[in-house]
Amino acid sequence: MGEGSAPLSLAHTLFVNRDNLRASYLKHNGQLLVFDHEFGAYFSNRPDNHAAILLDACRAQTEVKSIPDKDLTKLRNLDQGHSIEYLIWDTFHSLEQVELLIPFPTASLFSLWRWPDYIEMTPTAADVRLAAFLARHKRSLEETMAETETSKTEALHLLMACHYLGYLSVDKSDFIHRKIHTLRSATASLFSSIRERLGAS
């Protein structure tokens, strides 16, 4: 994954690399969260702050387990559940010290292939501005911040939420090209400096 993403490996398992799981669950501090991936819903045994519980479970790297189909069917019959998309949105917009948890190189080029559902979500003015910009352009984090006049935290909240929603395109090829170019330039500068000290032309 990326620059400091180990605590979010649980979120990656739940929302990115699900290995075709129809449903999964986690239990953390007496709180049960069941994820019905097939229908985009989740269930809980308590009406608590589910985003905070998910973040705590991520930090504790709580184990994610699959749930039998018969238990999932019972849950569906008892409760309509809550939106997984809204949980993801709420969770990653409430992150503090978000720079420490970025799951991708920030020098990558980002774009959105789909808008978030702003009817269901609670977007800020910055969210709307960022989504409109990234739906039309492919830019790095710094370029996106400059061209949309948003803070790093605002931009990262949107990028991370859209990443785990599956709406974000991350192009790392330009990032790799820039690193190679920087390395070659540094190497050339070093050899030039050595030649000058040795009196070679």
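Residues numbered from 1 in each chain as written. Predicted model: local features only at pLDDT ≥ 70, side-chain atom pairs only at ≥ 80, totals over all residues. Heavy atoms only, no water.

A separate point is helix α4 (residues 84-93). For α4, every residue scored as buried is listed here: I84, L87, I88, W89, T91 and F92. Its side-chain oxygen at 3.2 Å from the backbone nitrogen of E85, S83 defines the N-terminal cap of α4. (Buried < 20%, exposed > 50% of the residue type's maximum accessible area, 1.4 Å probe, protein only. Helix = DSSP H or I, 4+ residues; strand = E, 2+ residues; numbered from the N terminus. Polar contact = N/O pair within 3.5 Å; in protein donor to acceptor, adjacent residues only side chain to side chain.)

As a further point, take the sheet that holds strand β3 (residues 41-44). An order of β4-β1-β2-β3-β5 is seen for the five strands of this open sheet, with the pairing classed as antiparallel. For this open sheet the edge positions go to β4 (65-66) and β5 (82-83), each flanked by a neighbour on one side alone. In this structure, strand β1 (residues 23-28) lies alongside strand β2 (residues 31-36), joined through six bridges in antiparallel fashion. Each residue of the ladder has a partner; that of S24, found in β2, is F35. Docked against the sheet, helix α2 (residues 50-59) engages β1, β2, β3 and β5, running at close to 95° with respect to β2. Here helix α3 (residues 69-78) sits on the sheet in contact with β1, β2 and β3, set at roughly 95° to β2. (Pairing = 2+ DSSP bridges. Contact = heavy atoms within 4.5 Å. Axes fitted to C-alpha atoms, helices over the stretch in contact; angles between N-to-C directions.)

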